[in-house]
Structure formats: C-alpha cells, structure tokens
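The primary structure of each chain is shown beneath.
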Amino acid sequence: MEELDIRDLLSYFLNKSVRFFAIVAFVVTIGCVYSVFLQEPKYTSKTSIILTGFSSNETSSITQADLNVNSKLVSTYQEIVKSRRVLNQVIDNLSLEYDTANLAKMISVKALKDTEIIEISVTDFEAKKAYLIANEVAEVFGKEAKELYNLSNVSILDSAEIEDFPSNFNITKQVALYVGIGVVVAFFILFIFYYFDTTIKSVTDVERKFELTILGSVPDYTKKKKGGKRK
C-alpha cells in the first residue's frame, strides 16, 4: 500500500468540492424526506410524583427522618412503577392491547437530582393514549406503594397533559445529524475513489510511482490560454 500524500489528498478534495457538497445535500434531502413523510410521530406525556411525610396529621411538618426514608425509597419506587404488579392493573383499567413488556418499553422513570420527585414519561403514537397511561400509572403506583409499605408518602405533583407536538421531531437537531452523516458519507466515498485511482495526473505522480527523475515534459499546446488559443 502506497503512502498517502496529505497535500495531494487535500488538493483532490478541493477539486472535488462540488461533488462533496452534492453528496451532503443528497443525504440531507433523503433524511428530510424521511422525517417529513415516513417517520411516524410519537407523543410524550409526563407526570411527576413527590414523596411527602408519613404523618396523617395535615398540620405536621415533614421531619428529617421522613426525608431520609424517602431518599432511600426513591430508587425502589422507580422499579415498582414499571413492575408487572402496576402495569397489569394499568392495562386492565384502560383496556390496553399492550402486554407488560411492551408497555414497560413505553415508560421512562427518573428521579430528579437531589429531590424526592419522580418523573414518569410515557411515549406513544397517540397523544391521548400517552396522557391516559401516564396518569393511570401514577395513580396505580400511589395505591400500590401504600399497600406494599403501609406508608402514605406518595402524592401526585403534576398530572400529565395531552401534548400537541410530537416528541421525536426536532428539525434543528435532525438536520444537523443529517449534515454530519452526509459529511462522513461524502468523505468516505471520495476517499475510496482517491485511494483506488491509479491514473497518472502529473509529473510528480510519475516520479513517486516509478522513482525516476523527470528530465523534461512536453507541454499541452491544445489548452486554451487567457489570451486565446496558443499557436
């Protein structure tokens, strides 16, 4: 394998800049067509729950002991949200056609950093269905957490709402992604053509390929000059 000449490679890419940008534009166009006409929109509804104090007395304040217990329960509660015990009830209550495995894939659960707040996100192809599932999961989870731990420390902070805009559409990010893919594809294609191109284009190519010193060359008198054809 011959060594690559960086200068020659850069010169090659500069000479092929039109093709380079044409490939990038083609990839971006294909990506945009896919996003607009083929990509199916998905909608994400979010609800959040907060872990509160354990006392049934509304006038009592949350103690430090309550906070310590809540912080330890956050990770456990995250797993309970996506458990079969909760999801089976959600499926039955809403008469869903999903099984627990598919429903679990639609649900994302995360704890907000340094808080006792758990955010539940549900993504579905139908905005209303995502909204209904998110709220139902929160309701069922609250009841199950109370039954499992005999604690009344789960309250709904924000209920889910029906989203009007798809969550998987972001024109700016998608175009930027397609441009990046186009640049990689264009570079790869042109590099392949460059690497396997064995034609001799200049005196330098002859010297490098055959390791011979060129004493002279015959100019091409057929080329047009700025002042007209050379006689």
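Values in this document were obtained by computation on a predicted structure and should not be read as measured data. (Residues numbered from 1 in each chain as written. Predicted model: local features only at pLDDT ≥ 70, side-chain atom pairs only at ≥ 80, totals over all residues. Heavy atoms only, no water.)

Asker: How would you summarise the pattern of salt bridges if you had to cite specific residues and measurements?
Answerer: Enumeration over the complete set of coordinates arrives at 4 salt bridges. In this structure, the salt-bridge partner of Glu-147 is Arg-85, at a minimum N-O distance of 3.2 Å. Residue Glu-147 is located in helix α6 (residues 127-149), and its partner Arg-85 is located in helix α4 (residues 84-94); the two are separated by 62 residues in the primary sequence. Three or more residues are tied together by salt bridges with common partners; here these are Arg-85, Glu-144 and Glu-147. (Salt bridge = Lys/Arg side-chain N within 4 Å of Asp/Glu carboxyl O. Helix = DSSP H or I, 4+ residues; strand = E, 2+ residues; numbered from the N terminus.)

Asker: Which residues make up a nonpolar patch on the surface, and what values go with them?
Answerer: Judged by side-chain polarity, Leu-177, Ile-181, Val-185, Phe-188, Ile-189, Ile-192, Phe-193 and Phe-196 come together as a nonpolar surface patch covering roughly 760 Å² of accessible area. With respect to the helices and strands, the residue Leu-177 is situated in helix α7 (residues 171-195). (Patch = residues over 30% accessible without salt bridge, like charges linked within 9 Å, V, L, I, M, F, W, Y side chains within 5 Å. Areas by Shrake-Rupley, 256 points an atom, 1.4 Å probe, with all protein chains shown as cover.)

Asker: Kindly report on helix α2 (residues 17-38), identifying the contributing residues and their values.
Answerer: Between its first and last C-alpha, α2 extends 31 Å over 22 residues, near the 32 Å set by a 1.5 Å rise per residue. By the burial criterion, the buried members of α2 are Phe-20, Ile-23, Val-24, Val-27, Val-28, Gly-31 and Ser-35. Taken down its axis, α2 places every buried residue within 130° of arc, on the same side. For α2, the exposed residues set more than 90 degrees away from the buried face come down to Val-18, Arg-19, Phe-26, Val-36, Phe-37 and Leu-38. (Expected span 1.5 Å × (residues − 1). Buried < 20%, exposed > 50% of the residue type's maximum accessible area, 1.4 Å probe, protein only. Arc of directions from axis to C-beta.)

Asker: Residue-level account of α6, with values.
Answerer: Between its terminal C-alpha atoms α6 stretches 33 Å, which fits the 33 Å expected from 23 residues at 1.5 Å a residue. Asn-150 sits one or two positions beyond α6 and adopts a positive phi of about 55°.

Asker: How would you explain the sheet that holds strand β3 (residues 117-124) if you had to name every residue and give the values?
Answerer: Pairing is antiparallel across the open sheet formed by 4 strands, whose spatial order is β2-β3-β1-β4. Bordering the open sheet on either side are β2 (107-111) and β4 (154-158), each of which pairs with just one other strand. Here the strands of the sheet are splayed against their neighbours by 25° on average, with no regard to which way each runs. The strands that α6 touches are β1 (43-51), β2, β3 and β4; relative to β1, the one it contacts most, it runs at about 20°. (Pairing = 2+ DSSP bridges. Axes fitted to C-alpha atoms, helices over the stretch in contact; angles between N-to-C directions. Contact = heavy atoms within 4.5 Å.)

Asker: Give me the nonpolar core: which residues, what numbers.
Answerer: Counting residues in each nonpolar core, the largest one holds 30 residues, and the members touching the most others are Tyr-77, Val-90, Leu-103, Ile-107, Ile-133 and Phe-141. The set of elements that each furnish at least two residues to this core consists of β1, α3 (64-81), α4, α5 (100-106), β2, β3 and α6. Ranked by the residues each element gives to this core, the list is headed by α6, at 8 residues. The contacts of Val-90, once residues within four sequence positions are left out, are Leu-96, Leu-103, Ile-133, Glu-136, Val-137 and Val-140. (Core = buried A, V, L, I, M, F, W, Y, C linked by side-chain atoms within 4.5 Å.)

Asker: Describe in detail a negative patch on the surface, supporting the description with residues and values.
Answerer: Negative charge collects at one region of the surface, where Asp-158, Glu-161, Glu-163 and Asp-164 lie side by side. Mapped onto the elements, Glu-163 comes out in the loop between β4 and α7. On the basis of relative accessible area, Glu-163 is assigned to the partly exposed category, the value being 34%. (Lys, Arg positive; Asp, Glu negative; His and termini not counted. Charge placed at Lys NZ, Arg CZ, Asp CG, Glu CD.)

Asker: Can you lay out the packing of aromatic side chains for me, pointing to particular residues and giving the numbers?
Answerer: Following the criterion strictly, the structure yields 10 aromatic pairs and no others. Relative to Phe-21, the ring of Phe-20 lies with its centre 5.6 Å away and its plane at 85°, an arrangement referred to as edge-to-face. Taking the relative accessible area as the measure of exposure, Phe-20 reaches 16% and is therefore buried. We classify Phe-21 as exposed; its relative accessible area is 56%. Ring centres of Tyr-77 and Phe-141 lie 5.2 Å apart, and the angle between their planes is 80°; this geometry places the pair in the edge-to-face category. Within this pair, whereas Tyr-77 is found in helix α3, its partner Phe-141 is found in helix α6, the two being separated by 64 residues in sequence. Across this residue pair, the class does not change: Tyr-77 and Phe-141 are buried. These aromatic residues form a ring-pair network of at least three members: Tyr-12, Phe-13, Phe-20, Phe-21, Phe-187, Phe-191, Tyr-194, Tyr-195 and Phe-196. (Phe/Tyr/Trp six-rings, centres within 6.5 Å; stacked < 30°, edge-to-face > 60°.)

Asker: Describe unusual backbone geometry, and please don't skip the residues or the numbers.
Answerer: Its identity as a non-glycine residue notwithstanding, Ser-95 has a phi of 55°, on the positive side. The class of Ser-95 is exposed, set by a relative accessible area of 61%.

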